Every structure is written in structure tokens, then in C-alpha cells.
Amino acid sequence: MLLTAIAICFVVLGLVIFARIKRKRRDRNIELEQHSVTAEELHSLLASRQELLVFDVRQPLDLLAYPEVIPGARRIPPKEVLEKPSLIPKEKDAVVYCTCPGEKTSREILDQALALHFSRIKFLKGGLGAWKASGYPVEPYREVFHLYDPGLTASSG
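The structure reproduced in this document is the subject of the present report.

The rules behind each value
- Residues numbered from 1 in each chain as written.
- Predicted model: local features only at pLDDT ≥ 70, side-chain atom pairs only at ≥ 80, totals over all residues.
- Heavy atoms only, no water.
- Helix = DSSP H or I, 4+ residues; strand = E, 2+ residues; numbered from the N terminus.
- Buried < 20%, exposed > 50% of the residue type's maximum accessible area, 1.4 Å probe, protein only.
- Pairing = 2+ DSSP bridges.
- Contact = heavy atoms within 4.5 Å.
- Axes fitted to C-alpha atoms, helices over the stretch in contact; angles between N-to-C directions.
- Patch = residues over 30% accessible without salt bridge, like charges linked within 9 Å, V, L, I, M, F, W, Y side chains within 5 Å.
- Areas by Shrake-Rupley, 256 points an atom, 1.4 Å probe, with all protein chains shown as cover.
- Salt bridge = Lys/Arg side-chain N within 4 Å of Asp/Glu carboxyl O.
- Expected span 1.5 Å × (residues − 1).
- Right-handed = clockwise from strand over helix to strand, strands pointing away.
- Polar contact = N/O pair within 3.5 Å; in protein donor to acceptor, adjacent residues only side chain to side chain.

Here we look at the overall build of the protein
Part 1: Counting its secondary structure elements, the protein contains six helices and seven strands.
Part 2: Listing every helix and strand of the protein by position from the N terminus yields α-β-α-β-α-β-β-α-β-α-β-α-β.
Part 3: Of all 157 residues assigned to the protein, the portion counted as buried reaches 30%.

Written as C-alpha cells, this is what we have:
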């Protein structure tokens, strides 16, 4: 009888913990969705000539696979943005995009920006793929970039 009561308590406690974790994730997803923009919305904002900064935060290999950017976008390697968030001005409207499944890199950048009280930053839902699928223009990316971190060197020995 006592073992049954203990088991029931553990099950109830487990369900309570599970429900809280699920609610916390849902609340976080709602917050992230409030800081997202669709390809159509971004296109409209850019067409209206509203002052808006667009940042391509793709990993170097992603850029190698798709060497094109949204016109007017500035590429910043995600590692640099995560190490130095001030690369994205806090006082201006900004949109970040990537090509990761689930906008992984853009969401990481957004998470850090929100933690630092940036309020004017959003991520492009669907990333560059959604932009292109909507038929919006891209331009070739012609800047030099590194597939490795030039600051790191192999140790010789």
C-alpha cells in the first residue's frame, strides 16, 4: 500500500514537471514567433523603403552551397555575432536569416539578442529558402569568406 502511494506521488510529480516544461517551451515559442517575419512581410518592408537592416548569418559552408544573398543584406558570420552582438545595432530594426532547418542559427542569434534586451530584431521564417520560394530576388555573394577560423592554427609538434 505504501509503495503504491509512493509510486502515485512520483507519477503525479513527473506529470507536473512535464507540464511545466511543456508550458515553458510553448511560451518561448510564442515569444520567438513574435520576433519573426515572413518573406512576404520582409519584402513589403524593403519595398516601402523603411530603414531596415538585413543580416545574413549563415555558416560558411551554407554560404558556399548557396552563394547568394537577399539584395542589400550584409553578411556577418554567426560566430562573430554571438561573440560581439553589437555588430547588430540595438537602436535599428533588423532581420536576420540563415538556411538552417528550423532557422537554428537565426534563432540562436535572436535568443542572444533578446537576452541582451534587443527589441527591434526579428528572424526570417523559412530563411533564404522561403525568400527564394516566394520568387523574391537574390544577388550573388561576391565577398571573400573563410571556411575556417583564420585565428585558429593547428599545433605543430
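Observations concerning the sheet that holds strand β6 (residues 121-124)
Part 1: An order of β1-β6-β5-β2-β4 is seen for the five strands of this open sheet, with the pairing classed as parallel. The strands lining the two open edges of the sheet, one partner per strand, are β1 (36-37) and β4 (74-75).
Part 2: Of the strands in this sheet, β5 (94-97) and β6 are in contact with helix α5 (residues 104-115), which crosses β6 at around 170 degrees.

Focus on a nonpolar patch on the surface
Part 1: A surface patch of nonpolar side chains, amounting to about 340 Å² of accessible area, comprises Leu-2, Leu-3 and Ile-6.
Part 2: By relative accessible area, Leu-3 is classed as exposed at 69%.

A closer look at unusual backbone geometry
Part 1: Look at Glu-103: it is not a glycine, yet its phi comes out positive at around 55 degrees.
Part 2: Here Glu-103 lies in the loop between β5 and α5.
Part 3: Classification of Glu-103 as buried rests on a relative accessible area of 12%.
Part 4: In this structure, His-117 is a non-glycine residue whose phi angle is positive, near 70 degrees.
Part 5: Here His-117 shows up in the loop between α5 and β6.

Topic: α5
Part 1: Between its first and last C-alpha, α5 extends 16 Å over twelve residues, near the 16 Å set by a 1.5 Å rise per residue.
Part 2: Residues of α5 that are buried include every one of Thr-105, Ser-106, Arg-107, Ile-109, Leu-110, Ala-113 and Leu-114, and no others.
Part 3: Taken from the residues just after α5, His-117 is the one with a positive phi, measuring 70 degrees.

Considering the environment of Pro-101
Part 1: Position of Pro-101 relative to the elements: it lies in the loop between β5 and α5.
Part 2: Considering only alpha carbons, one finds Pro-101 and Gly-127, 26 residues apart in sequence, at a separation of 8.8 Å.

Some words on the pairing of β5
Part 1: With burial as the criterion, each face of β5 is covered, one bearing Ala-94 and Val-96 and the other bearing Val-95 and Tyr-97.
Part 2: Pairing between strand β2 (residues 53-56) and β5: four bridges, direction parallel. Within β5, the position partnered with Asp-56 by the bridge is Tyr-97.
Part 3: As judged from the three bridges shared by β5 and β6, these two strands associate in the parallel manner. In the sheet register, Ala-94 faces β6, and the bridge partner there is Ile-121.
Part 4: This β-α-β element, β5 to α5 to β6, shows right-handed connectivity.

Comments concerning the pairing of β6
Part 1: By the bridge criterion, two bridges tie β1 to β6 in an arrangement that is parallel. Opposite Ser-36, over in β6, you have Phe-123 as the bridge partner.

Here's the deal with the environment of Arg-74
Part 1: Within the element layout of this structure, Arg-74 appears in strand β4.
Part 2: Between the C-alpha atoms of Arg-74 and Val-96, which are 22 residues apart in sequence, the distance is 9.6 Å.

Points about the side chain of Arg-58
Part 1: Mapped onto the elements, Arg-58 comes out in the loop between β2 and α3 (60-65).
Part 2: Of note is the side chain of Arg-58, whose polar atom sits 2.7 Å from the side chain of Asp-56.
Part 3: A polar atom in the side chain of Arg-58 sits 2.7 Å from the backbone oxygen of Tyr-66.
Part 4: If we skip the residues at most four places from it in the chain, Arg-58 touches Leu-63, Tyr-66, Glu-68, Val-69, Arg-75, Pro-78, Tyr-97, Cys-98, Thr-99 and Leu-128.

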